[in-house]
Amino acid sequence: MIGQPISVYTDVYGDFTINVSSSIGVCDIKITKPGFLMKELKEIVLKKDLQLSPITMWAGDMNGDNVINMADVIDVVKGYNTIEGDNLYIADYDLNKDGVIKMLDIIIIARNFNMTSYMN
Ligand SMILES: [Ca+2]
Ligand SMILES: [Ca+2]
């Protein structure tokens, strides 16, 4: 939450739970994950056992500047052709989580190219 950072881990399905004070009525929620565009949910009315619809996170914002562009491709290229265990291998750059940083990871960035955190 904006102004109230809460970090939680997702399960293997991407689901997560946060506990908030019942005194909070309406809030904005920012969701961040390394390598993904930040997602902001505006004016969420909090209530007991609130469940949000599935939220799509767009992969490819490697540098965390809320835009997917050439700078992110350049970041991933720095680890290109490395495998899990190599010194230059960076797990966040392995977008498809197959243990190797290759063209398939860059294709994921290309698919989401020019997207920003502020698009609907
Ligand atoms: Ca970026
Ligand atoms: Ca990969």
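Residues numbered from 1 in each chain as written. Chains lettered and ligands numbered in written order. Predicted model: local features only at pLDDT ≥ 70, side-chain atom pairs only at ≥ 80, totals over all residues. Heavy atoms only, no water.

- The protein chain appears in an unreviewed UniProt entry as Dockerin domain-containing protein from Pseudobacteroides cellulosolvens ATCC 35603 = DSM 2933.

1. A word on helix α1 (residues 70–77)
- Of all the residues in α1, the buried ones are D72, V73, D75 and V76. Buried positions in α1, seen along its axis, are confined to an arc of 155° and lie on one side of it.
- Check the buried side of α1 and you find it contacts β4 (59–61) and α2 (103–111).
- At the N-terminal boundary of α1, the capping side chain belongs to N69, with an oxygen 3.1 Å from the backbone nitrogen of A71. (Buried < 20%, exposed > 50% of the residue type's maximum accessible area, 1.4 Å probe, protein only. Helix = DSSP H or I, 4+ residues; strand = E, 2+ residues; numbered from the N terminus. Arc of directions from axis to C-beta. Contact = heavy atoms within 4.5 Å. Polar contact = N/O pair within 3.5 Å; in protein donor to acceptor, adjacent residues only side chain to side chain.)

2. Topic: the pattern of salt bridges
- What the rule picks out here adds up to three salt bridges.
- Between D49 and K48 there is a salt bridge, and its shortest N-O distance comes to 3.8 Å.
- The exposed category is assigned to K48, whose relative accessible area is 72%.
- The partner of D75 in a salt bridge is K78, and the shortest N-O contact between them spans 3.2 Å.
- You can call D75 buried: its relative accessible area is 13%. (Salt bridge = Lys/Arg side-chain N within 4 Å of Asp/Glu carboxyl O.)

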